[in-house]
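# Chains, contacts and geometry: an overview
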Amino acid sequence: MVMERFVKNISTMIYGVLVILFLTNSIILGFHGVIVVLTAIITSNFDIQIGLFLFEIMLLFLSFVALFFFKSINKFRIFLLIVLLILQLVCFKFSFYIPRVNNAIEINACIDIGGVWDNATNNCIRN
């Protein structure tokens with residue numbers, strides 16, 4: 001009886017920590033996605049690579065929301081949250097290897113340091 005309650009409390013705490021981690025990562029990944037999209041739209045570089053990147057971000061977030069409506073035991077939800085966290089981190093890490101997404105990030109970094117992006121050479125010209 002006491003052990004079951006202890007395991008249930010630990011399971012609930014782990015689930016809560018994973019939810020907080022996922023939401024924090026979602027905010028970071030969402031901010032990253034907004035920067036990529038705005039930069040791509042402003043510089044007219046929006047294409048299928050950036051569209052698929054946004055689709056992946058939305059799919060991760062919607063799967064997280066669906067997890068709350070999923071009727072299962074708490075241990076399986078914890079496993080699914082861990083899988084979603086890993087997928088989220090992989091998505092963020094490999095977003096820098098997608099050419100158009102990386103180009104949008106480089107353009108934004110160039111503008112942040114006060115430079116001007118040269119489309120002809122794909123380089124940042126610093127003042």
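First, a word on scope: everything that follows refers to the structure included in this document. (Residues numbered from 1 in each chain as written. Predicted model: local features only at pLDDT ≥ 70, side-chain atom pairs only at ≥ 80, totals over all residues. Heavy atoms only, no water.)

## Observations concerning unusual backbone geometry
Although it is not a glycine, serine 44 adopts a positive phi angle of roughly 60 degrees. Here serine 44 shows up in the loop between α1 (2–42) and α2 (48–69). A relative accessible area of 64% places serine 44 in the exposed class. A positive phi is found at asparagine 122, a non-glycine position, where the angle reads about 55 degrees. Here asparagine 122 lies in the loop between β1 (116–118) and β2 (123–125). (Helix = DSSP H or I, 4+ residues; strand = E, 2+ residues; numbered from the N terminus. Buried < 20%, exposed > 50% of the residue type's maximum accessible area, 1.4 Å probe, protein only.)

## Comments concerning the environment of glutamate 56
Take glutamate 56: it is sitting in helix α2. With 32 residues separating them in the primary sequence, glutamate 56 and glutamine 88 have C-alpha atoms 9.2 Å apart.

## Brief notes about the nonpolar core
Counting 22 residues, the largest nonpolar core has Val36 and Leu81 as its most contacted members. Secondary structure elements with two or more residues in this core: α1, α2, α3 (74–94) and α4 (99–112). Broken down by element, this core gets its largest block of residues, eight residues, from α1. Non-local contacts of leucine 81, meaning those with residues more than four positions away in its chain, are made with Tyr15, Leu18, Val19, Phe22, Phe64 and Leu67. (Core = buried A, V, L, I, M, F, W, Y, C linked by side-chain atoms within 4.5 Å. Contact = heavy atoms within 4.5 Å.)

## A closer look at the state of the cysteines
A full pass over the atoms with the stated rule returns one disulfide. Here cysteine 110 engages in a disulfide with cysteine 124; their sulfurs sit 2.1 Å apart. Given an S-S torsion of about 80 degrees, the disulfide between cysteine 110 and cysteine 124 has right-handed geometry. Here the residue cysteine 110 occupies a position in helix α4, and cysteine 124 occupies one in strand β2, the gap between them amounting to 14 residues. (Disulfide = S-S within 2.5 Å.)

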